[in-house]
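Summary of the model geometry
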Amino acid sequence: MDSSITQRMRAGVFLCLSLCISTSCVKQQSNVERGNQAQELYIGIGTEPEALDPHIVTGVTEHYVLLSLLEGLVTRNPATLAIEPGVASSWTLSEDGLRYTFQLDANARWSNGDQVTANDFLFAFERILSPALGAPYAYMLHSMRGAKAFNSGEFKDFSKVGASASDPLTLVIELNSPTPYFLGLLTHYTWWPVHPPTVLKHGSMTDRISDWTKPQHFVGNGPFALKSWRLNAGIEVTKNQHYRDARNVRLNGIHFLPIEGDAEERAFRTGHIHLSSTIPTHRIEWYQTHAANNIRFDTYLGTYYYAVNTEHGPLADARVRKALAYAINREALTEHILGAGQKPAHHFTPPDTGGYSATARFPYDPQQARQLLAEAGFPKGVGFPKFELLYNTSESHRSIALAIQQMWKRELGIEITLYNQEWKVYLASRKAKDFDIVRAAWIGDYDDANTFLELATGGSGNNHSGWSQPQYDALIAQAAVEPDPAARFEYFQQAEAILLDEMPFIPIYFYVRSLLINESVQGWHPNVLDYHPYQSISLAN
Amino acid sequence: MFTHIARRILQAIPTLWVIATLTFLLLYWAPGGPFDTEKPVTAEVQEQIEAHYGLNLPLHQQYCRFLGNLLKGDLGPSYKYAGWDVQEIIAQSFPVSLELGGLALLVALAIGTPIGIAAALRHNRPSESALMTFAMLGICLPSFVLGPILLLLFSAGLGWFNPLGWAYASDRVLPAITLGLFYAAYIARLARSGMLDTMRHDYIRTARAKGLSERLVVWRHALRTALYPVVAYIGPAVAGLISGSFVVETIFFIPGLGRFFVNSAFNRDYTMVMGTVLLYAVLILLFNLLVDLLQMWMNPRTRND
């Protein structure tokens, strides 16, 4: 009897297990298959967005999401990067180049059906520039007359700032000086509007901690509306039926998934995402061999460089800094260590930044490097004190630093120590100038050489080298007010030549955006700004 | 019993206070701040942000403010994720980790206990070595190796499971095994040594002398005592399991608490670090108390201690 009960129990357990396994192991339809049918895009965005408030965030990840939820006065054509109408259907520029008048599209609507008005933009400008909000990117609006003074608390009356609305659909923006790249600036999320009633319903205008960006409250004017957001699980947006150009939006929804590293690559390989934010370096070769159609290296507006602390020791001598720069074989680095299509950097500003390409170059020339070092008093590196190279903890930074350490030792006889610090410690060390040489990178905020070359001015908070030169600063200042593009570029050329002659920054390589992309994704055009308005994208079945 | 529980709860209060204070001070002294970014902000902006979160106050004022909020049950806003409260994040992610940890514990017990007992009952036989080699493998294979191997076999190879996510019931299988197998290996070793030790006791010899079958001796008399070390182990183990695993959650893209444990420290998200540390401390204290109670139930001799 006991035995038969045991046997029946065993049979029952076996049956249950079999059922569990058979039901759980039915192959699910992949996100890509499901997405292609439903016109829903699945994108890997790497890290979790810190917020969805365009006036607080600073990251690239946030840009990917906000581009679906909000829209500024103008947009760009993703294929050509030409400026195209956004909320503003047309605009005019005064003859002196100081006053833009934007005519807003009467069909522009918030996701709750409210009309987008010029006052919404004024509210947004006042909000981001209010000192109390502490917006990290408020400086993006400083080309507007009075914006910098208002932002730094010099006066509190926003009406003195050069932004006004003559009627609900006419917005006037006045500039400090002619700014040829101004329309390009407007495509940055710092210039985008927020819905005033929603912001004010959940706090004051300058509340950093507010519920207005929660899915149940968020009101945007972009092609998509926020549906759900769960930290570390993803953000889902659905088509905004009130969007001014909703009929031309082909996607019905987008899923932004914060998957990192190898997991993201695995997600792509198994059809869980259409697009990845990056590719792990060790997988590049496999894709190049087996799935070349799915891998892409798009030129990107960014420079990877080493900033030299010019304030003490032998590194204060420009000849030493140039010797270090000339002794690095960037071609070998980009080809054998990085291997994702990065371009060797023999100048600082990436090529064709807003039409500007530097003519000044510095060479890979170990012989000249040795000569410069000898002139500085260190023939063959003899007597050169040991110094340190700081980088934030990362395998790829380490690989590059190791290779450069070897190059400097071989070519110049200089010994350096590498040390890495966890991200926040690294930032603190860099801020305190507690380094000899530090890894750094700059991604352009907008498509103009100014965003790169301004970095090395004496007043720039991002110039960690401690180097400054009045002539250089004057050239950048002249370029900022020069209306003639050719003359501006000439100022930039001269400035860049000084920069390369002084070498406070040692350029290493220009970035590329490496990504995995499913064949079904249409309209994801390569461009240096990594700008991909979702209204241009569709999925082929 | 109730006196014991009350005493333990009272003891927990100063323990939690010490943990909270130490965490607060360590965070205060850690280099780098929550609002340091790649593109540094101006000093004015930095001041505004710090004033917003009270970080411009002297240390003692920040501490008093923090303790006051803690007593009110308010862990404050996350510094990293603007607009999210720490309680909100924990409420969203802890249930996921709890579910994953619970399933992993089941895996660990279901695999570890029988292996350990079977190995003890086959002492000095080749099958014992085989079983314990399996257990050793579980200990030696870290989850960042085991997870991708399981994915390679059962997701990429056989296509039985999704490679990542937490949407379907089947999404629980591979993460639970990955997380549970390590604990299963420990449990197997503890169960084996516990059973070997128990089987040498006089009362087992007596039971055998009375003519009881070996099965009855094992199941009715030896098992409860043999599992004593396992129960002692699973207290802190459960706290570790259900508070999330950074590695497993990252490999399988699970929206649990484990990633916040690690990333909040890297991000200097002070309030989030405090929230996760205190949660972990409470879980440790709670499960140690439960284990004590369970051991009292299992061993009558300890009830009057």
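Rules used throughout
- Residues numbered from 1 in each chain as written.
- Chains lettered and ligands numbered in written order.
- Predicted model: local features only at pLDDT ≥ 70, side-chain atom pairs only at ≥ 80, totals over all residues.
- Heavy atoms only, no water.
- Helix = DSSP H or I, 4+ residues; strand = E, 2+ residues; numbered from the N terminus.
- Buried < 20%, exposed > 50% of the residue type's maximum accessible area, 1.4 Å probe, protein only.
- Areas by Shrake-Rupley, 256 points an atom, 1.4 Å probe, with all protein chains shown as cover.
- Lys, Arg positive; Asp, Glu negative; His and termini not counted.
- Charge placed at Lys NZ, Arg CZ, Asp CG, Glu CD.
- Contact = heavy atoms within 4.5 Å.
- Salt bridge = Lys/Arg side-chain N within 4 Å of Asp/Glu carboxyl O.
- Polar contact = N/O pair within 3.5 Å; in protein donor to acceptor, adjacent residues only side chain to side chain.
- Nonpolar A, V, L, I, M, F, W, Y, C, P; charged D, E, K, R; others polar.
- pLDDT = per-residue confidence, 0-100.
- Pairing = 2+ DSSP bridges.
- Right-handed = clockwise from strand over helix to strand, strands pointing away.
- Core = buried A, V, L, I, M, F, W, Y, C linked by side-chain atoms within 4.5 Å.
- Expected span 1.5 Å × (residues − 1).
- Bend = angle between axes of the 7 residues up to and from the residue.
- Patch = residues over 30% accessible without salt bridge, like charges linked within 9 Å, V, L, I, M, F, W, Y side chains within 5 Å.
- Axes fitted to C-alpha atoms, helices over the stretch in contact; angles between N-to-C directions.
- Phe/Tyr/Trp six-rings, centres within 6.5 Å; stacked < 30°, edge-to-face > 60°.
- Lys NZ or Arg CZ within 6 Å of the ring centre and 35° of its normal.
- Parallel < 35°, antiparallel > 145°, perpendicular 65-115°, else oblique.
- Left-handed = near helix turned anticlockwise from the far one by under 90°.

1. Re the overall build of chain B
Helices and strands together make up the secondary structure of chain B, namely 13 helices and 0 strands. When the helices and strands of chain B are placed in sequence order, the string is α-α-α-α-α-α-α-α-α-α-α-α-α. Taken along the three principal axes of its C-alpha coordinates, chain B extends 85 × 55 × 30 Å. A buried classification covers 49% of the 305 residues belonging to chain B. Looking at chain B as shown, the accessible area adds up to about 14800 Å², and 67% of this sits on carbon and sulfur atoms. Side-chain charges of chain B comprise 22 positive and 18 negative groups, with the mean position of each set lying 18 Å from the other.

2. Things to note about the interface of chain B and chain A
Interface size, as often reported, equals the accessible area lost upon joining of the parts. On the chain A side, the residues contacting the 46 residues of chain B number 53 residues. Counting the contacts that link chain B with chain A gives 3 salt bridges. Across the contact surface, chain B and chain A share 13 residue pairs in polar contact (both at pLDDT 80 or more). At the level of secondary structure, the elements contributing two or more residues to the side of chain B that touches chain A comprise helix H2 (43-52), helix H4 (86-121), helix H11 (246-252) and helix H12 (258-267) of chain B. Take the side of chain B that touches chain A: its biggest share by element is 5 residues, from H2 of chain B. For the side of chain B that touches chain A, the class distribution of residues is 25 nonpolar, 14 polar and 7 charged.

3. Things to note about the confidence of the model for chain B
Caution applies to low-pLDDT parts of the model: their predicted coordinates are not meant to be read in detail. Residue and element names in this part refer to chain B. Taken as a whole, chain B shows an average pLDDT of 86; of its residues, 98% reach a score of 70 or greater. Mean pLDDT across the elements of chain B bottoms out in helix H5 (residues 126-140) (81) and peaks in H4 (91). For this predicted complex, the interface confidence comes out at an ipTM of 0.83, alongside a pTM of 0.87.

4. Thoughts on the pairing of strand E14 (residues 416-421) of chain A
Working note: regular strand, side chains alternate between the two faces of the sheet. All names here are of chain A. Where strand E13 (residues 387-392) lies against E14, 6 bridges are found, and the strand directions are parallel. Within E14, the residue paired with Leu 390 across the bridge is Tyr 419. Taken together, E13, helix H13 (residues 395-412) and E14 form a β-α-β motif whose crossover is right-handed.

5. Remarks on the nonpolar core
Membership of the largest hydrophobic core comes to 173 residues, with the highest contact counts inside it found for Phe 102, Phe 125 and Tyr 534 of chain A. The biggest single contributor to this core is H4 of chain B, with 11 residues. Excluding residues within four positions of it along the chain, Tyr 534 of chain A makes contact with Leu 41, Ile 43, Tyr 64, Leu 67, Ser 68, Phe 224, Leu 251, Ile 254, Phe 256 and Trp 524 of chain A. Ala 325, Ile 328, Ile 414 and Ile 508 of chain A belong to the second-largest nonpolar core, a separate cluster that totals 43 residues.

6. Points about the pattern of salt bridges
Applying the stated rule across the entire model yields 25 salt bridges over all chains. Arg 205 of chain B is paired through a salt bridge with Asp 202 of chain B; the nearest N and O atoms lie 3.1 Å apart. One end of the pair, Arg 205 of chain B, and the other, Asp 202 of chain B, are both in helix H8 (residues 202-209), 3 residues apart, so they sit about a helical turn from each other. In this structure, Arg 205 of chain B and Asp 202 of chain B share a single accessibility class: exposed. A single network of salt bridges, built from pairs that share partners, joins Arg 99, Arg 145 and Glu 174 of chain A.

7. With respect to the side chain of Asn 450 of chain A
Positionally, Asn 450 of chain A belongs in helix H15 (residues 450-453). Excluding residues that lie within four positions of it along the chain, Asn 450 of chain A makes contacts with Tyr 181, Ile 476, Arg 488 and Phe 492 of chain A.

8. Some points on helix H10 (residues 228-242) of chain B
Residue and element names in this part refer to chain B. In this model H10 runs 21 Å from its N-terminal to its C-terminal C-alpha over 15 residues, within 8% of the 21 Å that 1.5 Å per residue would give. At Ile 234, H10 shows its strongest bend, of approximately 35°, with the proline Pro 236 following within four residues. Of all 15 residues that make up H10, 11 are buried, and the element is covered over most of its length. Every buried residue belonging to H10 is among Val 230, Val 231, Tyr 233, Ile 234, Gly 235, Ala 237, Val 238, Ala 239, Gly 240, Leu 241 and Ile 242, and all of these are buried. Taken together, the buried residues of H10 touch H4, helix H7 (173-198) and helix H13 (270-298). Backbone geometry just after H10 places Gly 244 at a positive phi near 100°.

9. Here we look at a nonpolar patch on the surface
All names here are of chain B. A contiguous nonpolar surface patch, about 350 Å² in accessible area, is contributed by Phe 144, Val 145, Ile 149 and Leu 153. Mapped onto the elements, Leu 153 comes out in helix H6 (residues 143-157). Overall, the relative accessible area of 46% leaves Leu 153 in the partly exposed class.

10. What about the sheet that holds strand E7 (residues 170-174) of chain A?
Residues and elements named next belong to chain A. Judged by pairing direction, the sheet is antiparallel, and its 4 strands sit side by side in the order E4-E5-E7-E6 without closing on themselves. Edge strands, defined here as strands with exactly one partner in the open sheet, are strand E4 (88-93) and strand E6 (163-167). Put simply, the sheet's adjacent strands are angled 20° from each other on average, direction ignored. Against the sheet, helix H4 (residues 118-129) engages strand E5 (99-104), E6 and E7, with an angle of about 165° to E6.

11. Here we look at the sheet that holds E13 of chain A
Residues and elements named next belong to chain A. Here we have 6 strands laid out as an open sheet, ordered E12-E16-E11-E15-E13-E14, and mixed in their pairing. Looking at the sheet topology across the chains shown, the edges are occupied by strand E12 (343-344) and E14. Across 2 bridges, the pairing between E12 and strand E16 (residues 505-516) is antiparallel. Bridge assignment links Lys 343 to a residue of E16, and that residue is Phe 510.

12. A word on the packing of aromatic side chains
The full count for this structure, using the stated rule, is 45 aromatic pairs over all chains. Seen in terms of ring centroids, Tyr 305 of chain A and Phe 348 of chain A are 5.2 Å apart; in terms of plane orientation they differ by 80°. Their pairing is edge-to-face. With Tyr 305 of chain A in strand E11 (residues 295-308) and Phe 348 of chain A in the loop between E12 and helix H12 (366-375), the pair connects residues that are 43 residues apart, well separated along the chain. Residue classification places Phe 348 of chain A among the buried residues on the basis of a relative accessible area of 1%. Stacked on the ring of Trp 84 of chain B, the Lys or Arg Lys 214 of chain A has its end atom at 5.0 Å from the ring centre.

13. With respect to the environment of Ile 89 of chain B
Among the secondary structure elements, Ile 89 of chain B is positioned in helix H4. Note: C-alpha distance between Ile 89 of chain B and Met 272 of chain B (183 residues apart in sequence) is 8.7 Å. Contact partners of Ile 89 of chain B, with chain neighbours within four places excluded, come to Leu 231 of chain A together with Ser 78, Tyr 81, Trp 84, Phe 260 and Met 272 of chain B.

14. Some details on the packing of H4 of chain B against H13 of chain B
Residue and element names in this part refer to chain B. Contact geometry for H4 and H13: axes closest at 10 Å, N-to-C directions at 50°. Between H4 and H13, the angle falls in the class oblique. With respect to the hand of their crossing, H4 and H13 are arranged in right-handed fashion. Of the residues in H13, those touching H4 at Val 86, Ile 89, Ile 90 and Phe 94 are Thr 271, Met 272, Gly 275, Thr 276, Leu 279 and Leu 283. The residue inventory of the contact of H4 with H13, partitioned by class, reads 7 nonpolar, 3 polar and no charged.

15. Here we look at the side chain of Ser 143 of chain A
All names here are of chain A. Considering the arrangement of structural elements, one finds Ser 143 in the loop between H4 and helix H5 (147-151). The exposure class of Ser 143 is buried, given its relative accessible area of 15%. Dropping the residues within four chain positions of it, Ser 143 is found in contact with Glu 174, Leu 175, Asn 176, Thr 179, Phe 182, Leu 185 and Trp 191.

16. Here's the deal with the pairing of strand E9 (residues 234-239) of chain A
All names here are of chain A. Relative to E9, strand E8 (residues 224-230) runs antiparallel, the two being bridged by 6 bridges. By the bridge assignment, Phe 224 is partnered in E9 with Lys 239. Of the pairings in the sheet, the one linking E9 to strand E10 (residues 253-257) comprises 4 bridges and is antiparallel in character. Looking across to E10, one finds that Glu 236 is bridged to His 255.

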